[in-house]
There are 2 protein chains.
Amino acid sequence: MEKYYYYSLDKLKQFEKAVFAGIGVPEDEAEICADVLNAADRRGIDSHGIGRLKPIYYDRIVAKVQNAVTQFEIERDIAATAVVNGNNGMGFVVAKKAMAMAIAKARTFGIGMVIAKNSTHYGIAAYYPLMAVDHNMIGLTGTNARPSTAPTWGVENMLGTNPLVFAVPTDEPFAFTNDYATSTAQRGKIEQYAREGKSMPPGWVIGRDGKTKTDPDKVLTALISDQAALTPLGGIGEELGGHKGYGYATVVELLSAGLQLGPFLKQLGGVVDGKKTPILLGHFFIAIDVAHFAEVDVVKKQMGDILRALRTSQKATGAERIYTHGEKEYLHSLEREKTGVPLPPVVCSQMSHMRDELDLDFEFEWDFAT
Amino acid sequence: MEKYYYYSLDKLKQFEKAVFAGIGVPEDEAEICADVLNAADRRGIDSHGIGRLKPIYYDRIVAKVQNAVTQFEIERDIAATAVVNGNNGMGFVVAKKAMAMAIAKARTFGIGMVIAKNSTHYGIAAYYPLMAVDHNMIGLTGTNARPSTAPTWGVENMLGTNPLVFAVPTDEPFAFTNDYATSTAQRGKIEQYAREGKSMPPGWVIGRDGKTKTDPDKVLTALISDQAALTPLGGIGEELGGHKGYGYATVVELLSAGLQLGPFLKQLGGVVDGKKTPILLGHFFIAIDVAHFAEVDVVKKQMGDILRALRTSQKATGAERIYTHGEKEYLHSLEREKTGVPLPPVVCSQMSHMRDELDLDFEFEWDFAT
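A. Focus on the nonpolar core. Met113(A), Leu164(A), Leu259(A), Met113(B), Leu164(B) and Leu259(B) are the most contacted members of the largest nonpolar core, which has 80 residues in total. When near neighbours in sequence (up to four residues on either side) are disregarded, Leu259(B) contacts Ile138(A), Val290(A), Phe293(A), Ala294(A), Val299(A), Met303(A), Met113(B), Ile115(B) and Leu254(B).

Right, here's the structure in full:
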């Protein structure tokens, strides 16, 4: 078993911010980037936290494939709608500003929608609809992503993991939010199976021969060479509803790339002739102001009542308990505020690497490991 | 094999309208009801067409559990949002008027949202977002429904089949629309397995013991007595993403019942002490005006390009072809305009029954069968 180091959330955020600033992200925007990344660390979504900093952001910015300074342009702004252009800057910054606009529009009109174009990877999707929740609004976002997922009856990686994520205010200490990919699984989960040397469940991945693949090491390679693809939620074929997950993934692609006329599907591969190229993502953001429909506190209690009824319904024999969405992330937050964030060796070494390259003033516990 | 009679779409719609009018639905509203029901017949969604007329609508109206005359009230109408009250009238009528309001609001503000309360079963969900498509808009609807589906790690029928249905305009002869339940399967499909005497795929239904049930006859009984429940899309547990389908179903419940403070989950059972009671559903409708974001024809072509790229991607060996959503329904429409609608014996006998009770002037081919 690999040794994991625990690093406090606050210190980790300082480090994340220092790295973003160190590669040229302006101070206030580095704060936004670090806040979104740190929210993933906090909520236990380790596929989207500190482990992403080097491969997805640092490396692409240092290689000048993505801009550290975000030229955020409002291209259209008509009543309850807007289109904004991120100009290949920081997706976090684009998304946070776009959702803030949707929230302002919802305050005025009851509902607002903003589409972002020429953006980049925006981290955990839930961050943005949860901004709406802070204003007693319902939030919705989606984004396209690098191709990874095959359509039903297809074998090619066409769609991204395309999340379709709502957040709803409640009277509980945590909001409802369904933050996940529209694919059955994603790369992060497969990497976990590889680390643990376990065979994957059938149905997660489809090979070019149309059959499921379950060897995680082989799959991780095959996913990159497009010899295998993730399945949409519901799995291979239609028997268990694979066409339904495929439908949600398509909805997200249409809303993300269709209304802003940006690149889509295979055009988001990010590599051309072996060279990294910009991945110009589209996102959409909707905010819905609860106060336009009914009294806020009454609605929040009603939302809580629905969720509590689900959690207290009859559980399956042997099941620990029934959760509602956002609850597990909340429980992770409580724990990680105490314990800090567990960092696997590969992440520790990435952190050391970035610190050394940027000459940042951080000391790590693992510096002194023998 | 049972003999199916084919009945033309137009004549079937006339019959459907005559039945609605015969039980007291005003002429113009009967036209709406028949149009939605007939759209299901046309699109091949036989779980929601003529076969539903007697059990879901006729019987409940004749028993005075649901009102034939729809008192449609606008309770709130603020900027881009509204709340309407269907007063236990016809869900079709409530939904069509509510979506028309959302479309009018989207025309003005770019996006509009209307919530319906005290409504009833509104037929195929896609009908309403497709209204938006006719105005070059994107449509979205969802509705709660009678409890049938268990939450992940639960065994009780809590959630409805809660569809979350988008429709998107394209440059093709058919719109994109993902019209399906957020459960893995639904009752109509299980009935089909029962008719064919086949065992169901594991993962569709969970019993009170937490294990999947595959005998369709036993399952159909157990679903009614709440001894079994449908699984959310992704199946039992979390391994294949059951928590994801559960999340979408919950989103629909929250948006349908939460903002309008109406009954939810088990409160929608429709039977109390063996007596039928109103099932006061909530729906939501969102329309998004494409013209607020970009030029309509360019967006429609872009949407079509995305869908065509999916359909022409590499298909699995042995797969006939890759579809996009709404295409199969379109192909059904073309066929049924020629062949008419296939009616199984049980539906023929329901039609005869309603005709005779209402003394309607319709002759059926099966009247003369020997």
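B. Spatial organisation of unusual backbone geometry. All names here are of chain B. At Asn87, a position not held by glycine, the phi torsion is positive, near 45°. Relative to the helices and strands, Asn87 resides in the loop between strand S3 (81-85) and helix H4 (91-109). Note on Asn87: relative accessible area 25%, which makes it partly exposed.

C. How the structure looks around the interface of chain A and chain B. Listed per partner, the contact involves 92 residues of chain A and 92 residues of chain B. Here chain A packs against chain B, burying approximately 7,700 Å² in sum over the two surfaces, 72% of which is carbon and sulfur. Interface area lost by chain A to chain B is led by Lys244(A), Tyr248(A) and Phe293(A), which between them contribute 10%. The tally of links from chain A across to chain B stands at two salt bridges. Between Glu238(A) and Lys328(B) there is a salt bridge, with the nearest N and O atoms lying 2.7 Å from each other. The interface formed by chain A and chain B holds 38 residue pairs in polar contact (both at pLDDT 80 or more) in total. Among the elements of the structure, strand S2 (73-78), strand S3 (81-85), helix H4 (91-109), strand S4 (111-119), strand S6 (164-168), helix H8 (242-258), strand S12 (281-289) and helix H9 (296-311) of chain A are those that each provide at least two residues to the side of chain A that touches chain B. Ranked by residues supplied to the side of chain A that touches chain B, first place goes to H8(A) with 13 residues. Broken down by class, the residue content of the side of chain A that touches chain B amounts to 54 nonpolar, 26 polar and 12 charged.

D. Layout of the pattern of salt bridges. Residue and element names in this part refer to chain A. This structure, assessed with the given rule, holds 52 salt bridges over all chains. Between Arg308 and Asp171 there is a salt bridge, with the nearest N and O atoms lying 2.9 Å from each other. Placement of the pair is Arg308 in helix H9 and Asp171 in the loop between S6 and strand S7 (176-177), with a sequence separation of 137 residues. Arg308 sits in the partly exposed class, given a relative accessible area of 27%. With a shortest N-O distance of 2.9 Å, Asp209 and Lys213 are connected by a salt bridge. If you follow the salt bridges from partner to partner, you end up with Asp171, Glu172, Lys301, Asp305, Arg308, Arg311, Arg321 and Glu327 in one network.

E. Structural detail: the sheet that holds S3(A). All names here are of chain A. Pairing in this open sheet of seven strands is mixed, and the strands run S2-S3-S4-S12-S5-S6-S7 from one edge to the other. Where the open sheet ends on each side, the last strands, each with one partner, are S2 and S7. In terms of strand pairing, S2 meets S3 through five bridges, oriented antiparallel. Within S3, the residue paired with Ile74 across the bridge is Val84.

F. Region of interest: the pairing of strand S5 (residues 137-143) of chain B. Residue and element names in this part refer to chain B. Most of S5 sits out of view: seven of its seven residues are buried. Here S5 shows a buried face lined by Met137, Gly139, Thr141 and Thr143 and a second buried face lined by Ile138, Leu140 and Gly142. Of the pairings in the sheet, the one linking S5 to strand S12 (residues 281-289) comprises seven bridges and is antiparallel in character. By the bridge assignment for S12, Gly142 is matched with Phe284. As defined by bridge partners, S5 adjoins strand S6 (residues 164-168) across four bridges and the pair is classed as antiparallel. The partner of Thr141 across the bridge, within S6, is Val165.

G. Representation of the packing of aromatic side chains within the structure. Residue and element names in this part refer to chain A. Taken as a whole and judged by the stated rule, the model has 34 aromatic pairs over all chains. For the pair Phe15 and Phe364, a centre-to-centre distance of 5.4 Å together with 80° between the ring planes defines the contact as edge-to-face. Within this pair, whereas Phe15 is found in helix H1 (residues 9-22), its partner Phe364 is found in the segment after helix H11 (345-358), the two being separated by 349 residues in sequence. Take Phe15 and Phe364: they sit in the same class, and that class is buried. Aromatic pair Tyr57 and Phe92: ring centres 4.8 Å apart, planes at 40°, arrangement tilted. With Tyr57 in helix H3 (residues 50-62) and Phe92 in helix H4, this residue pair connects regions lying 35 residues apart in the sequence. Look at Tyr57 and you get buried, because its relative accessible area is 1%. The class for Phe92 is buried, based on a relative accessible area of 0%.

H. Quick look at the environment of Leu259(A). Tracing the backbone through its elements, the reader meets Leu259(A) in the loop between H8 and strand S10 (271-272). Once you skip the residues sitting within four places of it in the chain, Leu259(A) turns out to touch Met113(A), Ile115(A), Leu254(A), Ile138(B), Val290(B), Phe293(B), Ala294(B), Val299(B) and Met303(B).

I. Looking closely at H8(A). Given a rise of 1.5 Å per residue, 17 residues ought to cover 24 Å, and the 23 Å separating the end C-alpha atoms of H8(A) matches this to within 8%. With 17 of 17 residues buried, H8(A) is to be regarded as a mostly interior element.

J. Just the sheet that holds strand S7 (residues 176-177) of chain B, in detail. The sheet built from seven strands is open, its strands ordered S2-S3-S4-S12-S5-S6-S7 (chain B) with mixed pairing. Of all the strands in the sheet, the pair left with one neighbour each is strand S2 (73-78) and S7 of chain B.

K. Looking closely at the confidence of the model for chain A. Confidence in the prediction of chain A, expressed as mean pLDDT, is 97, and 99% of residues score 70 or more. Interface confidence for the predicted complex, given as ipTM, is 0.98, next to a pTM of 0.98.

L. Local environment of the side chain of Thr120(A). Residue and element names in this part refer to chain A. Along the chain, Thr120 falls in the loop between S4 and helix H5 (127-133). Polar side-chain contacts of Thr120 include one of 2.7 Å to the backbone oxygen of Gly89. For Thr120, the side chain forms a polar contact with the main-chain nitrogen of Gly91, separated by 2.8 Å.

M. Up close: H9(A). Taking 1.5 Å per residue, 16 residues should reach 22 Å; H9(A) reaches 23 Å between its end C-alpha atoms and fits that length. Its buried side turned inward, H9(A) meets strand S5 (137-143), S6, S7 and helix H10 (327-339) of chain A together with helix H8 (242-258) of chain B.

N. View of the relation of the copies chain A and chain B. Between chain A and chain B, which share one sequence, the superposing operator has a rotation angle of 180° and an axial displacement of 0.0 Å; the RMSD is 0.0 Å. Put plainly, the chains are arranged around a two-fold axis. No C-alpha of chain A approaches the rotation axis more nearly than that of Gly234(A), which lies at 2.5 Å. In this assembly the copies share their binding face: 100% of the residues contributing to the interface of chain A also contribute to that of chain B.

Calculation rules
Residues numbered from 1 in each chain as written. Chains lettered and ligands numbered in written order. Predicted model: local features only at pLDDT ≥ 70, side-chain atom pairs only at ≥ 80, totals over all residues. Heavy atoms only, no water. Core = buried A, V, L, I, M, F, W, Y, C linked by side-chain atoms within 4.5 Å. Buried < 20%, exposed > 50% of the residue type's maximum accessible area, 1.4 Å probe, protein only. Contact = heavy atoms within 4.5 Å. Helix = DSSP H or I, 4+ residues; strand = E, 2+ residues; numbered from the N terminus. Buried area = accessible area lost by both parts, 1.4 Å probe. Salt bridge = Lys/Arg side-chain N within 4 Å of Asp/Glu carboxyl O. Polar contact = N/O pair within 3.5 Å; in protein donor to acceptor, adjacent residues only side chain to side chain. Nonpolar A, V, L, I, M, F, W, Y, C, P; charged D, E, K, R; others polar. Pairing = 2+ DSSP bridges. Phe/Tyr/Trp six-rings, centres within 6.5 Å; stacked < 30°, edge-to-face > 60°. Expected span 1.5 Å × (residues − 1). pLDDT = per-residue confidence, 0-100. Least-squares fit on C-alpha atoms with pLDDT ≥ 70 in both.

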